[in-house]
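Here is what each chain is made of, one letter per residue.
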Amino acid sequence: MCGIVGYVGEKQARDVVVEGLRLLEYRGYDSAGIALVAGGELGQTVLVSDKRAGKLANLEKAIAEDALPAATTGIGHTRWATHGAPNDVNAHPHLGPQRRVAVVHNGILENFARLRDELERAGHDLLSETDTEVAAHLIENEVLAGADLTTAMQNVCRRLEGAFTLVAIDAHDPSRVVAARRNSPLVVGLGVGENFIGSDVAAFIEHTREALELGQDQVVTITRDAVAVSDFDGNEAQGRQYHVDWDLAAAEKDGYDWFMRKEIFEQPRAIADALLGRHDENGQLQLDEVRISDDELRDIDKIVIIACGTSNYAAMVAKYAIEHWTRIPCEIELSHEFRYRDPILTRNTLVVAISQSGETADTLMAIRHAKKQKAKVLAICNTNGSTIPRESDAVIYTHAGPEIGVASTKGFLTQLVACYLLGLYLAQVRGTKYGDEIAAVVGELAAMSDRVQQVLDDADRVYALAERFKDTTSVLFIGRHAGFPVALEGALKLKELAYIHAEGFAAGELKHGPIALIEPGLPVFCVVPPRGRDQLHDKMISAIQEIRARGALTIVLAEADDDEVTPYADVFIPLPTVPTLLQPLVATVPLQLFACELATLMGHDVDQPRNLAKSVTVE
Ligand code: F6R
């Protein structure tokens, strides 16, 4: 949820930290702050700090006007508010009462009220409403009692409950930055003569592509030349080192006005990358990362797919595809509902967790519940080294590259590709489809990059539509079968970015109630299945006729040569001809473009929509 950065090295810590925060700002933008260990007037080192409500730009302006002193050790934070309003006081870093320790935090300390009470009874005066300030006071207490910062962090972490990444510096020890994690992301960047802490690798990708992933309940101490990992009891521990396979250019806008627009246009490449190396020229699938044996896959008698938000719509599409290809019953469930309904799971249940970030707390808690019930857990994830794949039995990475725009786009399309691959792989292993049938679908999948490019080449048509509807206050989306989740995704994108009323419906459900919403001129996007599935196609046309008869303005997405539906389309958006199950890959793209363009025309910040953050690391 929040973005955190830590640095110790030879460069100006202020610049490294602010630049890191810029690349992490997508994680939260309610406030930003920085703290440095700098030289003091009497020769000793002191903490200097600045923090401002609002976006990082406010902090940058403040520190440009009142330059921070030179320092080579520092931490920074960009916030998505949980405890306390997004104002200057609640912004991080939080300092101990004697300004000896500064702390930044991502997560929620669940026992903070009790700890705060204990501190207040001991005479501490807490200035903010945050849970984080409690951690700053506790760590400072330990340091003032003689502990070094690493030991202080270990001692305090043993007392904390909930989810947290904490990063701390000590005014009297400029040589180190100490961080800890439980149920919240933290990665170390390994440099030469310098080391870094980040919520994710974007924080330091400009400086190094060598990273160290930390395990659960671990503390890390970075100095210029060393990185030491321990558990909360101080026992030596190991992280896992890996090389980051993308660079700064991938995390920059590359000439686009928004990261989101750039990421929409990257989708043909992202789809190709998601397929790369996963099938041979005969369409035979090779999913080496699925570390669940073929025998175990043959024994699976139920699949449960868990996810939130857009990833949940990928799960809905996956259900249609996986059940069709494998005949294994497949349930889908929102992660936050899953573990509270006592789901029936056995050793033969495969739980598939879909998460772009790999850090969504609801999904993480759901997979832990599934593992306790002995189910096998497979993650579909975009973020190498994140918690969800690390805690799963197997993972299919989506290889979309960094997704910075808060609204998911290429993350979603590549999740779909990974779900299709999983379904086809299960069909291959279990023999529920012939090899040539699987190869035919794999061939169609391989052609999807070009098909998506075709839709993108027609973006101006969608932009003109956004111009036409820029004053609209309500939009509906309808679809059937695999087009239903596309409708939901189209509505979600519009809610998130344009802040207008948008609803997605299964077209068949309209006449059971929602049709009452139809009024003259209301724009309704209609996702029409390809004509191959006659019944579905015809039923969709009936739904379009019904809403048009009541005055709605129909915006029809259908195969380019579908002349059966064109008479009922006020606006027609042509789609390439593809199999029904794969149609979400092309049908979603105009809806992404529409939301992005409409929000731009309305003057909204497309990459950082209000109240949202990229990864939801609190339950
Ligand atoms: C919508 C969006 C969110 C995420 C959801 C799950 O555009 O991005 O709905 O899809 O928060 O996030 P992940 O996939 O990271 O678990």
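### Some points on the overall build of the chain
Turning to step 1, where the next piece is worked out: Across its full length, the chain carries 19 helices and 24 strands.
Turning to step 2, where the next piece is worked out: Relative to a compact globule of 619 residues, whose C-alpha radius of gyration would be 25 Å, the chain shows 25 Å and is just as compact.
Turning to step 3, where the next piece is worked out: Out of the 619 residues belonging to the chain, those deemed buried represent 61%.
Turning to step 4, where the next piece is worked out: Taking the contacts inside the chain whose residues are at least 6 apart along the sequence as the reference set, 71% of them involve residues at least 24 apart.

### A few points about the pattern of salt bridges
Turning to step 1, where the next piece is worked out: Overall, the coordinates contain 38 salt bridges when judged by the stated rule.
Turning to step 2, where the next piece is worked out: Between Arg22 and Glu252 there is a salt bridge whose closest N-O contact spans 3.0 Å. Linking Arg22 in helix 1 (residues 13-24) with Glu252 in the loop between strand 14 (240-243) and helix 6 (259-265), this pair joins segments that are 230 residues apart in sequence.
Turning to step 3, where the next piece is worked out: The partner of Arg114 in a salt bridge is Glu161, with the nearest N and O atoms 3.5 Å apart. Here the residue Arg114 occupies a position in helix 3 (residues 112-121), and Glu161 occupies one in the loop between helix 5 (149-157) and strand 7 (162-170), the gap between them amounting to 47 residues.
Turning to step 4, where the next piece is worked out: A relative accessible area of 52% places Arg114 in the exposed class.
Turning to step 5, where the next piece is worked out: Taken together, the shared-partner salt bridges connect Lys302, Glu331, Glu333 and Arg341 into one network.

### Concerning helix 14 (residues 435-446)
Turning to step 1, where the next piece is worked out: Taking 1.5 Å per residue as the helical rise, helix 14 with its twelve residues ought to reach 16 Å, and the 16 Å between its terminal C-alpha atoms agrees with that figure.
Turning to step 2, where the next piece is worked out: Those residues of helix 14 that sit buried are Ile438, Val441, Val442 and Leu445. Seen along its axis, helix 14 keeps its buried residues to an arc of 105 degrees; they face one direction.
Turning to step 3, where the next piece is worked out: Of the surrounding secondary structure, the elements contacted by the buried residues of helix 14 are helix 7 (267-275), helix 9 (309-326), helix 13 (410-430), helix 15 (448-457) and helix 19 (583-601).

### Topic: the domain arrangement of the chain
Turning to step 1, where the next piece is worked out: When cut into domains, the chain gives domain 1 (3-243), domain 2 (259-455) and domain 3 (458-601).
Turning to step 2, where the next piece is worked out: With centres defined by C-alpha atoms, the gap from domain 1 to domain 2 works out at 34 Å.
Turning to step 3, where the next piece is worked out: The partner domain 2 presents eleven residues to the eleven residues of domain 1 that form the contact.
Turning to step 4, where the next piece is worked out: In this assembly, domain 1 packs against domain 2 so that about 910 Å² is buried in total across both faces, 51% of it on carbon and sulfur atoms.
Turning to step 5, where the next piece is worked out: Among the residues domain 1 hides against domain 2, the three largest losses belong to Tyr26, Asn183 and Glu213. Together they make up 46% of the total.

### Focus: the site of the ligand
Turning to step 1, where the next piece is worked out: Around the ligand, 15 residues are found, and the nearest of them are Ser311, Ser355, Gln356, Ser357 and Thr360.
Turning to step 2, where the next piece is worked out: Backbone polar atom of Thr310 to an oxygen atom of the ligand: 3.2 Å apart, as the coordinates give it.
Turning to step 3, where the next piece is worked out: Contacts to the ligand include Lys493, whose side-chain N or O atom sits 2.9 Å from an oxygen atom.
Turning to step 4, where the next piece is worked out: Contributing elements (two or more residues each) for the shell around the ligand: helix 9 and helix 17 (483-498).
Turning to step 5, where the next piece is worked out: Taken together, the residues of the shell around the ligand break down into four nonpolar, nine polar and two charged.

### Quick notes on the sheet that holds strand 12 (residues 218-222)
Turning to step 1, where the next piece is worked out: The strand order 5-6-7-8-12-13 describes an open sheet built from six strands, whose pairing is antiparallel. Looking along the sheet, the strands with just one partner apiece sit at the ends: strand 5 (94-95) and strand 13 (227-231).
Turning to step 2, where the next piece is worked out: Bridge count between strand 12 and strand 13: five bridges; the pairing is antiparallel. In the strand pairing of strand 13, Ile222 is matched with Val227.
Turning to step 3, where the next piece is worked out: Along the sheet, helix 4 (residues 132-144) contacts strand 5, strand 6 (101-109) and strand 7; its crossing angle with strand 6, the most-contacted strand, is approximately 135 degrees.

### Section: the packing of helix 9 against helix 17
How two helices pack is summed up by the angle between their axes together with the distance between the axes.
Turning to step 1, where the next piece is worked out: Closest axis-to-axis distance for the helix 9/helix 17 pair is 9 Å, and the angle between their directions is 170 degrees. Between helix 9 and helix 17, the angle is such that the two are roughly antiparallel. Contacts between helix 9 and helix 17 involve Gly309, Thr310, Tyr313, Met316, Val317 and Tyr320 from the first element and Phe484, Pro485, Leu488, Glu489, Leu492 and Lys493 from the second.
Turning to step 2, where the next piece is worked out: Its residues assigned to classes, the contact of helix 9 with helix 17 shows eight nonpolar, two polar and two charged.

### Section: the side chain of Gln218
Turning to step 1, where the next piece is worked out: By the element assignment, Gln218 lies in strand 12.
Turning to step 2, where the next piece is worked out: Classification of Gln218 as buried rests on a relative accessible area of 10%.
Turning to step 3, where the next piece is worked out: Polar contacts involving the side chain of Gln218 include one to the main-chain amide nitrogen of Gly215, which spans 2.6 Å.

### Description of the layout of surface pockets
Turning to step 1, where the next piece is worked out: Of the volumes computed, that of the largest pocket is approximately 690 Å³.
Turning to step 2, where the next piece is worked out: As for the largest pocket, its lining consists of 42 residues, of which Trp246, Asn382, Thr383, Asn384 and Pro402 are closest to the centre.
Turning to step 3, where the next piece is worked out: In terms of residue class, the lining of the largest pocket is made up of 15 nonpolar, 13 polar and 14 charged.
Turning to step 4, where the next piece is worked out: A domain-level breakdown of the lining of the largest pocket finds at least three residues from each of domain 1 (3-243) and domain 2 (259-455).
Turning to step 5, where the next piece is worked out: In this model, the second largest pocket occupies a volume close to 550 Å³.
Turning to step 6, where the next piece is worked out: In this structure, the second largest pocket is lined by 27 residues; those nearest its centre are Cys308, Gly309, Thr310, Lys614 and Val616.
Turning to step 7, where the next piece is worked out: Put simply, the parts of the chain that give the lining of the second largest pocket at least two residues each are helix 9, strand 17 (349-355), helix 11 (361-372) and helix 17.
Turning to step 8, where the next piece is worked out: The element that contributes the greatest number of residues to the lining of the second largest pocket is helix 9, accounting for three residues.
Turning to step 9, where the next piece is worked out: By residue class, the composition of the lining of the second largest pocket is eleven nonpolar, twelve polar and four charged.

What counts, and at which threshold
Along each chain, residue indices are assigned from 1 in the same order as the chain's sequence is written. Given that the model is predicted, a residue must reach a pLDDT of at least 70 before its local features are reported, and side-chain atom pairs must reach 80 or more before they are shown or counted; all residues, however, enter totals for whole chains, interfaces and linings. In computing side-chain values, all of the structure's heavy atoms are included and hydrogens and water are not. Strands are runs of DSSP state E lasting at least two residues, helices are runs of H or I lasting at least four, and both sets are numbered from the N terminus onward. What the globule rule says is 2.2 Å times the number of residues to the power 0.38, and the radius of gyration is computed from C-alpha atoms. Relative accessibility under 20% of the residue-type maximum defines a buried residue, over 50% an exposed one, and the middle range a partly exposed one, all with a 1.4 Å probe and only protein chains included. Every residue pair with non-hydrogen atoms within 4.5 Å of one another is taken to be in contact. Each reported salt bridge corresponds to a side-chain nitrogen of Lys or Arg within 4 Å of a carboxyl oxygen of Asp or Glu. Here the expected span of a helix is defined as 1.5 Å times the quantity of residues minus one. It is the directions from the helix axis to the C-beta atoms whose arc is reported. Note that the domain bounds were set by an automatic or database domain assignment. By buried area we mean how much accessible surface two parts lose on assembly, using a 1.4 Å probe and totalling the loss over both. Nearness is judged by heavy atoms alone; a residue qualifies as near a molecule or strand once a single heavy atom is within 4 Å of it. In protein, a polar contact means a hydrogen-donor-capable atom and an acceptor-capable atom, both N or O and within 3.5 Å, with residues adjacent in sequence counting only if both atoms are side-chain atoms; elsewhere, any N or O pair within 3.5 Å suffices. Gly is put with the polar residues, along with every residue not named as nonpolar or charged; the nonpolar set is Ala, Val, Leu, Ile, Met, Phe, Trp, Tyr, Cys and Pro, and the charged set is Asp, Glu, Lys and Arg. By the convention used here, strands pair only if DSSP detects at least 2 bridges between them. For helices, the fitted line uses only the C-alpha atoms of the stretch in contact; every axis is such a line through C-alpha atoms, and the angle between N-to-C directions lies from 0 to 180 degrees. Our angle categories are set so that under 35 degrees counts as roughly parallel, over 145 as roughly antiparallel, 65 to 115 as roughly perpendicular, and the remainder as oblique. Definitions used throughout: a 1 Å grid over protein atoms alone; a cavity as a set of points that fits a 1.4 Å probe which cannot get out; a pocket as an open set with protein on both sides within 12 Å along at least five of seven lines; a lining residue as one with an atom within 4 Å of a point. Grid points are joined across faces, edges and corners, and a volume is the space filled by probe spheres set on the points.

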